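Take a look at the letters that make up each chain.
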Amino acid sequence: MAEASHLLYQKQMLEVKHRFLAIDRILGAKKPRTYNEDFDNEFMWLQLRKIVELITFSAVAADEARYAAKRSKDGGNNDYRKDGKAGKILEHLQQISPHFLPQPIGLINVNTDGSKHINQGATQATLDRMKNIHETAGAHLHAHNPFDPVSEPKQATARASA
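Rules of the game
- Residues numbered from 1 in each chain as written.
- Predicted model: local features only at pLDDT ≥ 70, side-chain atom pairs only at ≥ 80, totals over all residues.
- Heavy atoms only, no water.
- Salt bridge = Lys/Arg side-chain N within 4 Å of Asp/Glu carboxyl O.
- Buried < 20%, exposed > 50% of the residue type's maximum accessible area, 1.4 Å probe, protein only.
- Axes fitted to C-alpha atoms, helices over the stretch in contact; angles between N-to-C directions.
- Helix = DSSP H or I, 4+ residues; strand = E, 2+ residues; numbered from the N terminus.
- Left-handed = near helix turned anticlockwise from the far one by under 90°.
- Contact = heavy atoms within 4.5 Å.
- Nonpolar A, V, L, I, M, F, W, Y, C, P; charged D, E, K, R; others polar.
- Patch = residues over 30% accessible without salt bridge, like charges linked within 9 Å, V, L, I, M, F, W, Y side chains within 5 Å.
- Areas by Shrake-Rupley, 256 points an atom, 1.4 Å probe, with all protein chains shown as cover.
- Phe/Tyr/Trp six-rings, centres within 6.5 Å; stacked < 30°, edge-to-face > 60°.
- Core = buried A, V, L, I, M, F, W, Y, C linked by side-chain atoms within 4.5 Å.
- Parallel < 35°, antiparallel > 145°, perpendicular 65-115°, else oblique.
- Polar contact = N/O pair within 3.5 Å; in protein donor to acceptor, adjacent residues only side chain to side chain.

Caption draft 1: Main features of the pattern of salt bridges. Inspection of the entire model under this criterion finds 6 salt bridges. When the shortest N-O distance is used, the salt bridge between Arg66 and Asp63 registers 2.9 Å. With a relative accessible area of 43%, Arg66 lands in the partly exposed category. Residues Arg81 and Asp79 are paired through a salt bridge, measuring 3.0 Å at the closest nitrogen-oxygen approach.

Have a look at this one:
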């Protein structure tokens, strides 16, 4: 039996949170957590790539019926359950609704009556930014081909930045 959309979304977002915490542990360490700074950097790039993928699949879960309907109208492979490329999924979602990405939250204010107001966060994710993060992270995850005279190894010390 398929997991309820809201439970899947919640589970995915919790995993996003845990992956950000893992990145924070690496960034906050005085020495490389893996005893190798290059491995720490690769670990962080992997987490960023997986975070984008988790957010992408969460957005599908949040609007699964419309995503499935859109994909069934597309030619070729129209089984949305087999979609795996985050960039393509993000483009399909953008065509369905410009508001498909989760909204960042800011400070929570407690009112005098005890109710809470959650302010919107400062950073707004965009389709292009999400695709760029995914592609950049992916580029840092592949081993350099030593037999290709044209390819250059990615700088191992490249750190993810906001």
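Caption draft 2: Looking closely at the packing of helix α2 (residues 37-62) against helix α4 (residues 86-96). Between α2 and α4, whose axes approach to 10 Å, the crossing angle comes to 35 degrees. For the crossing formed where α2 meets α4, the hand is left-handed. On the side of α2, the interface is formed by Glu53, Thr56, Phe57, Ala59 and Val60, while α4 contributes Ala86, Ile89, Leu90 and Leu93. Across the contact of α2 with α4, the residue classes tally to 7 nonpolar, 1 polar and 1 charged.

Caption draft 3: Fine view of a nonpolar patch on the surface. A cluster of nonpolar residues, Ile105, Ile108 and Ile118, forms a patch on the protein surface that exposes about 300 Å² of accessible area. Structurally, Ile118 is set in strand β2 (residues 116-120).

Caption draft 4: View of the packing of aromatic side chains. Applying the stated rule across the entire model yields 1 aromatic pair. Ring centres 6.1 Å apart and planes at 80 degrees place the aromatic pair Tyr67 and Tyr80 in the edge-to-face group. Residue Tyr67 is found in helix α3 (residues 64-73), and its partner Tyr80 is found in the loop between α3 and α4; the two are separated by 13 residues along the sequence. We note that Tyr67, like Tyr80, is buried.

Caption draft 5: Highlighting the nonpolar core. In this structure, Tyr67, Leu93 and Phe100 are the most contacted members of the largest nonpolar core, which totals 24 residues. Only α1 (5-28), α2, α3, α4 and α5 (127-139) provide two or more residues apiece to this core. Tallying contributions element by element places α2 first for this core, with 9 residues. When residues no more than four places from it in sequence are discounted, the contact partners of Leu93 are Thr56, Ala59, Val60, Tyr67 and Phe100.

Caption draft 6: Representation of the packing of α3 against α4 within the structure. One way to put it is that α3 packs onto α4 with a least axis distance of 10 Å and a crossing angle of 105 degrees. Taken as axis vectors, α3 and α4 run roughly perpendicular relative to one another. Facing α3, whose interface residues are Arg66, Tyr67, Lys70 and Arg71, α4 presents Ile89, His92, Leu93, Gln95 and Ile96. Here the residues of the contact of α3 with α4 sort into 4 nonpolar, 2 polar and 3 charged.

Caption draft 7: Representation of the environment of His117. For His117, the position within the fold is in strand β2. For His117, a relative accessible area of 42% translates into the label partly exposed. The sequence separation of His117 and Leu107 amounts to 10 residues, and the corresponding C-alpha distance is 8.5 Å. Residue contacts for His117: discarding those within four places in its chain leaves Leu107, Ile108, Asn109 and Asn111.

Caption draft 8: View of the side chain of His134. Relative to the helices and strands, His134 resides in helix α5. Overall, His134 belongs to the buried group, its relative accessible area being 9%. Separated by 2.9 Å, the side chains of His134 and Glu53 make a polar contact.

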